[in-house]
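Listed below are the residues making up each chain.
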Amino acid sequence: MKNRAEAVIIGGGISGCSIAYNLAKKGMKDIVVLEKNYICSGSTGRCGAGVRMQWGTEMNCKIAKKSIEFYENANEILQYERDVEFKQKGYLLVADTDHEVDQFKKNIEVQHSCGIPSTMLSLEEAREIVPYLNTDILKGAAFCGRDGFLNPFHTTDAFYRAAKRLGVEFYTFTEATGIRTEKGRVTGVETNKGYISTNIVVNAANAYGKSICDMVGLDVPIYSERHQILVTEPVEPMQDPMVMSFGLNFYIQQSPEGSFIMGRGDDKEPKDLRVTSSWQFLEEMAKTIDMVLPPVSKLRVIRQWAGLYNMTPDKQPIYDEAENAKGFYLALGFSGHGFMFGPITGIAMSEMILKEEPTIDVSMLNLNRFKTGKLLMEPSVV
Amino acid sequence: MDENTIICRCSDVTLKEIRDLISQGYLTFDEIKRITRAGMGPCQGKTCGHLIMREIANATGQNIKDIKFQTNRPPVVGVKLGLIAEEGRNEE
Ligand SMILES: Cc1cc2nc3c(=O)[nH]c(=O)nc-3n(C[C@H](O)[C@H](O)[C@H](O)COP(=O)(O)OP(=O)(O)OC[C@H]3O[C@@H](n4cnc5c(N)ncnc54)[C@H](O)[C@@H]3O)c2cc1C
Ligand code: FES
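Cut-offs used in this document
- Residues numbered from 1 in each chain as written.
- Chains lettered and ligands numbered in written order.
- Predicted model: local features only at pLDDT ≥ 70, side-chain atom pairs only at ≥ 80, totals over all residues.
- Heavy atoms only, no water.
- Contact = heavy atoms within 4.5 Å.
- Buried area = accessible area lost by both parts, 1.4 Å probe.
- Salt bridge = Lys/Arg side-chain N within 4 Å of Asp/Glu carboxyl O.
- Polar contact = N/O pair within 3.5 Å; in protein donor to acceptor, adjacent residues only side chain to side chain.
- Helix = DSSP H or I, 4+ residues; strand = E, 2+ residues; numbered from the N terminus.
- Pairing = 2+ DSSP bridges.
- Axes fitted to C-alpha atoms, helices over the stretch in contact; angles between N-to-C directions.
- Parallel < 35°, antiparallel > 145°, perpendicular 65-115°, else oblique.
- Buried < 20%, exposed > 50% of the residue type's maximum accessible area, 1.4 Å probe, protein only.

Draft legend 1. Main features of the interface of chain B and chain A. If you look at the interface, chain B gives 31 residues, while chain A gives 38 residues. Summing the contributions of chain B and of chain A, the shared interface buries around 3,100 Å²; its carbon and sulfur component is 53%. The partner of A:Glu85 in a salt bridge is B:Arg37, with the nearest N and O atoms 3.0 Å apart. The interface formed by chain B and chain A includes 16 residue pairs in polar contact (both at pLDDT 80 or more). Broken down by secondary-structure element, the contributors of at least two residues to the side of chain B that touches chain A are helix H2 (29–36), strand E3 (79–80) and helix H4 (81–91) of chain B. The element contributing the most residues to the side of chain B that touches chain A is H4(B), with 7 residues. In the sheet, strand E17 (residues 300–311) of chain A pairs with E3(B) via 2 bridges, with the strands oriented antiparallel. Considered in E3(B), the bridge of A:Arg300 is made with B:Lys80.

What follows is the structure, given as structure tokens:
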């Protein structure tokens with residue numbers, strides 16, 4: 001293991017791999033990524049991997065749009081020998097209350113101002129896209145055909161391999177255990193396999209990000225929350241888009257190999273680092289699908305699992321440098337949408353670290369907003 | 001064994017693909033599963049899991065007993081969603 005690096009990135013998920021790739025592409029040498037398990041073993045490898053531009057805040061719309069534009073060309077840009085499997089069959093958002101229909105209309109105004117091609121749909125139009133959708137219980141729908149989902153393992157692998165080709169060193173099964181600072185500046189990282197001196201540390205440890213912040217005495221109002229998901233046996237193609245509802249609290253997609261993947265949020269989920277699965281989730285999920293998309297409930301479940309969301313008070317990420325420890329950067333708090341922001345996480349963090357002109361101005365996603373109360377509440381999350 | 005032998009019948013993965021990944025440094029069952037989908041099919045690795053673990057053991061000189069297989073999770077494989085929903089409603 002090296003004992004000196006230009007930058008040490010903690011976390012080998014989509015965020016850490018994308019940050020490493022972007023820094024290396026911009027010419028930084030001696031970059032190390034620490035991953036306490038294997039690459040993509042955290043939330044990224046457990047996620048739904050959906051990407052959508054249909055957001056409610058201008059900031060999220062802009063980040064998501066740029067990320068999707070990247071994903072559309074990811075195989076070429078990252079020169080990936082496999083395929084990130086971007087299936088762009090749209091996101092069909094459905095609402096079961098008039099209130100939510102109004103929210104969709106407001107969101108679409110914001111989306112259109114950012115150049116996002118989303119539209120309101122009548123229930124008949126929604127049924128043309130997903131014929132077995134039970135519209136009796138719905139009030140309205142919105143759609144964007146360029147939304148979709150990818151293979152999260154291949155996508156992370158593509159960033160990982162591209163970064164490796166550019167000289168980034170990945171130390172797997174290597175855990176960051178401490179961070180040293182001197183006079184308010186980062187000087188190095190302690191790991192279970194030795195010490196690496198560096199003046200730049202990036203915290204991309206997601207669910208474990210808070211404990212990494214503790215290492216420099218930085219208190220950040222983030223917490224982790226369990227989210228569950230399940231997959232069915234594969235069947236013939238029957239559903240093109242991701243179907244999602246904030247009010248009814250679910251998302252469901254059919255993957256290219258034919259299995260359905262679905263999840264839901266739950267306020268009562270444990271707010272700690274547990275990733276066990278529960279029967280209760282299975283039952284609530286099954287009841288919702290039986291009601292909204294009846295034919296899908298004929299399918300057999302083959303596996304369920306859980307992962308962690310890293311939540312902020314306004315459900316938007318944090319991209320910033322710590323004030324009390326210069327050289328300590330944070331890319332955290334993705335609140336359940338860090339996979340789709342992955343490309344921009346890498347671009348924005350590398351520009352911040354190298355003090356370059358930003359592609360998207362993400363300065364509002366600073367740490368200070370939790371003190372000043374200048375939050376940017378995102379209304380549309382599951 | 002012929003390298004074109006299908007090791008994972010559920011997800012259509014050949015021995016060659018498994019060996020190529022191992023030689024590229026993907027040395028855990030979970031990593032190989034995530035890249036190839038081997039072990040993610042309807043049988044959940046009951047057929048292919050042992051074969052893949054044996055390949056990892058051979059390549060790394062480990063004992064097959066020390067190779068970690070994926071976590072076993074609920075539910076009992078193969079229950080229809082509709083049945084789970086019905087059970088849930090009956091309890092209410
Ligand atoms: C069920 C579920 C569904 C989701 N669906 C979606 C979706 O559809 N779309 C979307 O955009 N997002 C989704 N998400 C959210 C998404 O998974 C995350 O926001 C995203 O993967 C975060 O990526 P990351 O690289 O920041 O974190 P992670 O992938 O969690 O990576 C962090 C890594 O840091 C490592 N680490 C932690 N501590 C240390 C340490 N001390 N030393 C070394 N390494 C360490 C961990 O092992 C981990 O691999 C979902 C999440 C879940 C749980
Ligand atoms: S044979 Fe590999 S999952 Fe069934």
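Moving on from the coordinates now.
Draft legend 2. Region of interest: the packing of helix H2 (residues 58–72) of chain A against helix H9 (residues 342–353) of chain A. Residues and elements named next belong to chain A. For the pair H2 and H9, interaxial distance at closest approach is 7 Å and the crossing angle is 105 degrees. Regarding the angle of H2 to H9, the classification is roughly perpendicular. Where H2 abuts H9, its residues Ile63, Lys66, Ser67, Phe70 and Tyr71 lie against Gly342, Pro343 and Ile344.

Draft legend 3. Region of the structure containing the pattern of salt bridges. All names here are of chain A. Under the definition given, this model contains 20 salt bridges over all chains. With its nearest N and O atoms 2.6 Å apart, the salt bridge here joins Asp30 to Lys2. Taken together, the residues span a long stretch of sequence, with Asp30 in the loop between helix H1 (14–25) and strand E2 (31–34) and Lys2 in the segment before strand E1 (7–10) at a distance of 28 residues. On the accessibility criterion, Asp30 (39% relative accessible area) is partly exposed. Residue classification places Lys2 among the partly exposed residues on the basis of a relative accessible area of 21%. A salt bridge links Asp314 to Arg369, with the nearest nitrogen and oxygen atoms 2.8 Å apart. Highlighted residues: Asp314 in the loop between E17 and strand E18 (318–321) and Arg369 in helix H10 (residues 369–372), separated in sequence by 55 residues.

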